[in-house]
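These are the residues of each chain, in order.
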2 protein chains.
Amino acid sequence: MRKVQMVTDRELEILKILWALGKASVREVQDELNKLPDTVDNPVAYSTVQTLLNIMEDKKGLVRHVVEGRTFIYIPKKSSDRTIRELTKRFVDRVFDGAIDRMMVALLDTKPPSAAEFDRLRAMIDEAQKQADERADEPVGSKLEVD
Amino acid sequence: MRKVQMVTDRELEILKILWALGKASVREVQDELNKLPDTVDNPVAYSTVQTLLNIMEDKKGLVRHVVEGRTFIYIPKKSSDRTIRELTKRFVDRVFDGAIDRMMVALLDTKPPSAAEFDRLRAMIDEAQKQADERADEPVGSKLEVD
DNA sequence: TTACGTCAACGAGATCGTTCGTTTTCGAGG
DNA sequence: CCTCGAAAACGAACGATCTCGTTGACGTAA
């Protein structure tokens with residue numbers, strides 16, 4: 001069987017809306033979707049959104065729903081951070097065979113940052129390293145379980 | 001009509017082989033493909049590779065072919081660097097709405113780098129900035145064509 | 001009670017990605 | 001010339017993605 005995409009393009013758009021709103025009905029998702037620049041000329045039908053949300057719930061477990069009155073309210077099951085981290089990992093594996101540094105190079109190549117952005121980048125790296133160090137310090141007696 | 005993927009998963013695998021070999025026949029691509037860890041249990045048929053290469057040439061312009069004797073030799077039309085840069089841009093746009101710094105954060109989150117890797121990262125950034133500066137210095141009379 | 005509007009439920013179709021089997025072509029060796 | 005083997009050409013299938021139209025249920029207002 002073919003490889004099933006964890007999150008497809010349309011599904012990601014819907015997830016972004018759910019992350020922004022916290023939760024939403026089919027109608028609300030449809031409205032938000034049709035505000036997007038790509039869809040203003042090409043509105044998406046109600047039943048389309050409905051079908052997508054069904055699939056995202058039943059087949060992929062990306063969302064769940066609660067019933068509120070007579071309408072379904074959909075809620076994302078995974079956080080934006082976690083989902084995006086997983087998507088990023090898949091991409092790095094697929095394109096760069098997991099080599100994060102090569103991905104960095106491509107990223108810096110994509111749009112050369114300004115001087116200020118370079119500084120912010122360095123700050124980000126310092127911060128990431130500081131956190132990595134903290135994580136590496138404490139485990140004196142808890143080193144037994146390595147995840 | 002549905003959005004057509006610039007480079008699909010299988011096509012990317014094939015492109016990687018062509019980049020590594022420079023050029024290759026259908027048979028060679030098939031052989032290399034079936035050496036991959038994911039395909040050893042699941043070999044790909046000759047005609048499958050043939051169809052893919054056809055599409056990659058006719059519909060997508062990713063490769064071209066020359067005839068050598070009676071066999072087609074396929075050659076990638078775009079460099080690995082350029083293609084990967086385009087793929088990366090698409091991904092950043094799709095997932096991060098173009099925000100490269102957020103992509104960086106996700107990347108650093110994906111697999112916390114070691115101290116040595118942090119250093120290499122900083123060196124990379126320095127290098128990228130130096131090149132950016134050089135590009136910004138010289139353009140006294142050559143600023144007319146920006147490509 | 002009847003009509004109306006909204007919602008979930010179905011069924012279905014178009015295109016794409018991926019996969020092959022089969023047929024045709026064609027050059028080399030007997 | 002005939003056969004054999006390898007390569008290209010062709011047609012076809014299946015699941016996945018994305019898209020709707022239609023139908024039936026249900027609550028509300030007239």
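Positions within a chain are numbered from 1, following the residues in the order the chain's sequence is written. Chains carry letters from A onward and ligands carry numbers from 1 onward, assigned in written order. Reporting in this predicted model follows two pLDDT cut-offs: at least 70 for local features of residues, and 80 or more for side-chain atom pairs to be given and counted; totals over whole chains, interfaces and linings ignore these cut-offs and use all residues. Side-chain calculation: all heavy atoms of the structure are included, whereas hydrogens and water are not.

Some words on the domain arrangement of chain A
All names here are of chain A.
Here comes step 1: In this entry, domain limits derive from an automatic or database-based domain assignment. Each domain of chain A was delimited in the assignment, giving domain 1 (1-98) and domain 2 (99-136).
Here comes step 2: Distance between the C-alpha centres of domain 1 and domain 2: 29 Å.
Here comes step 3: With 6 residues of domain 1 at the interface, the matching set in domain 2 holds 5 residues.
Here comes step 4: For the pairing of domain 1 and domain 2, the buried interface totals around 460 Å² over both sides, and the portion due to carbon and sulfur atoms is 63%. Contacts are assigned to residue pairs with any non-hydrogen atoms lying within 4.5 Å of each other. Buried area adds together the accessible area that both of two parts lose upon being put together, with accessible area traced by a 1.4 Å probe.

Thoughts on the pattern of salt bridges
Here comes step 1: In what follows, salt bridge is the name for a side-chain nitrogen of Lys or Arg lying within 4 Å of a carboxyl oxygen of Asp or Glu. A complete count under the given rule lists 28 salt bridges over all chains for this structure.
Here comes step 2: Between Arg94 of chain B and Asp9 of chain A there is a salt bridge whose closest N-O contact spans 2.7 Å. Of this pair, Arg94 of chain B sits in helix α4 (residues 80-96) while Asp9 of chain A sits in helix α1 (residues 9-21), placing the two residues on different chains.
Here comes step 3: Here Asp101 of chain A makes a salt bridge to Arg120 of chain B, at a shortest N to O gap of 3.3 Å. Of this pair, Asp101 of chain A sits in helix α5 (residues 100-110) while Arg120 of chain B is found in helix α6 (residues 115-137), placing the two residues in two different chains.
Here comes step 4: In this scheme, a residue with accessible area under 20% of its type's maximum is buried, one over 50% is exposed, and one in between is partly exposed, where area comes from a 1.4 Å probe on protein chains only. Taking the relative accessible area as the measure of exposure, Asp101 of chain A reaches 24% and is therefore partly exposed.
Here comes step 5: For Arg120 of chain B, a relative accessible area of 45% corresponds to the partly exposed category.
Here comes step 6: Put simply, Lys16 of chain A together with Asp97 and Arg102 of chain B are held in one network by salt bridges that share partners. Strands are runs of DSSP state E lasting at least two residues, helices are runs of H or I lasting at least four, and both sets are numbered from the N terminus onward.

Topic: the sheet that holds strand β3 (residues 71-76) of chain A
Hydrogen bonds between backbone atoms are what pair the strands of a sheet, whose relative direction is either parallel or antiparallel.
Residues and elements named next belong to chain A.
Here comes step 1: In this scheme, strands are said to pair when DSSP sees at least two bridges between them. Strand order in the open sheet formed by 3 strands is β1-β3-β2, and the pairing between neighbours is antiparallel. Looking at which strands have only one partner, the edges of the open sheet turn out to be β1 (24-25) and β2 (63-68).
Here comes step 2: Sheet topology note: the β2/β3 ladder contains 6 bridges and is antiparallel. Counted as the bridge partner of Arg64 is Ile75 from β3.
Here comes step 3: Note on definitions: angles span 0 to 180 degrees between N-to-C directions of axes, and those axes are lines fitted to C-alpha atoms, for helices only across the stretch in contact. Along the sheet, α1 makes contact with β1, β2 and β3, crossing β3 at roughly 90°.

Here's the deal with helix α3 (residues 46-58) of chain A
Residue and element names in this part refer to chain A.
Here comes step 1: With 13 residues, α3 should reach 18 Å at 1.5 Å per residue; the first-to-last C-alpha distance of 18 Å fits that figure.
Here comes step 2: Those residues of α3 not exposed but buried are Val49, Leu52, Leu53, Met56 and Glu57. Axial view of α3: buried residues confined to an arc of 130°, hence all on one face.
Here comes step 3: Residues of α3 that are buried make contact with α1, α2 (26-33), β2 and β3. Any helix carries an expected span of 1.5 Å times its number of residues minus one. Directions drawn from the helix axis to the C-beta atoms are what define this arc.

With respect to the relation of the copies chain B and chain A
Here comes step 1: The least-squares superposition of copies is restricted to C-alpha atoms, and to residues with a pLDDT of at least 70 in both copies. Aligned on chain A, chain B shows an RMSD of 0.1 Å; the corresponding rotation is 180° and the shift along the axis is 0.0 Å. The transformation just described matches what one would write down for a two-fold rotation axis.
Here comes step 2: In this assembly, 98% of the residues forming the interface of chain B have copies in chain A that are likewise at the interface, indicating an isologous arrangement.

Thoughts on the nonpolar core
Here comes step 1: To define a nonpolar core, start from buried Ala, Val, Leu, Ile, Met, Phe, Trp, Tyr and Cys residues and group those joined through side-chain atoms within 4.5 Å. Judged by nonpolar contacts, the single largest core of 72 residues is most densely connected at Leu53 of chain A together with Leu53 of chain B.
Here comes step 2: The contacts of Leu53 of chain A, once residues within four sequence positions are left out, are Ile14, Leu18, Val26, Val29, Val63 and Tyr74 of chain A.

Quick look at the interface of chain B and chain A
For interface size, the figure often reported is the accessible area lost on association.
Here comes step 1: Taken together, the contact between chain B and chain A spans 41 residues of the former and 40 residues of the latter.
Here comes step 2: Taken together, both faces of the contact between chain B and chain A bury some 4100 Å²; the carbon and sulfur share is 69%.
Here comes step 3: Here chain B and chain A share 10 salt bridges between them.
Here comes step 4: Any N or O atom pair separated by 3.5 Å or less is treated as a polar contact, with the protein-specific requirement of one donor-capable and one acceptor-capable atom, and with residues adjacent in sequence counted only for side-chain atom pairs. Across the chain B-chain A interface, the total number found is 12 residue pairs in polar contact (both at pLDDT 80 or more).
Here comes step 5: Those elements giving two or more residues to the side of chain B that touches chain A turn out to be α1 (9-21), α4, α5 (100-110) and α6 of chain B.
Here comes step 6: By residue number, the principal contributor to the side of chain B that touches chain A is α6 of chain B, which donates 12 residues.
Here comes step 7: Classification convention: Asp, Glu, Lys, Arg as charged; Ala, Val, Leu, Ile, Met, Phe, Trp, Tyr, Cys, Pro as nonpolar; all other residues, Gly among them, as polar. Among the residues making up the side of chain B that touches chain A, the classes are represented as 23 nonpolar, 4 polar and 14 charged.

Points about the sheet that holds strand β1 (residues 24-25) of chain B
Residues and elements named next belong to chain B.
Here comes step 1: Overall, antiparallel pairing links the 3 strands, which are arranged β1-β3-β2 in an open sheet. Both outer strands of the open sheet, β1 and β2 (63-68), are each paired with one neighbouring strand and no more.
Here comes step 2: Strands β2 and β3 (71-76) of the sheet are contacted by helix α3 (residues 46-58), whose axis makes an angle of about 115° with β2.

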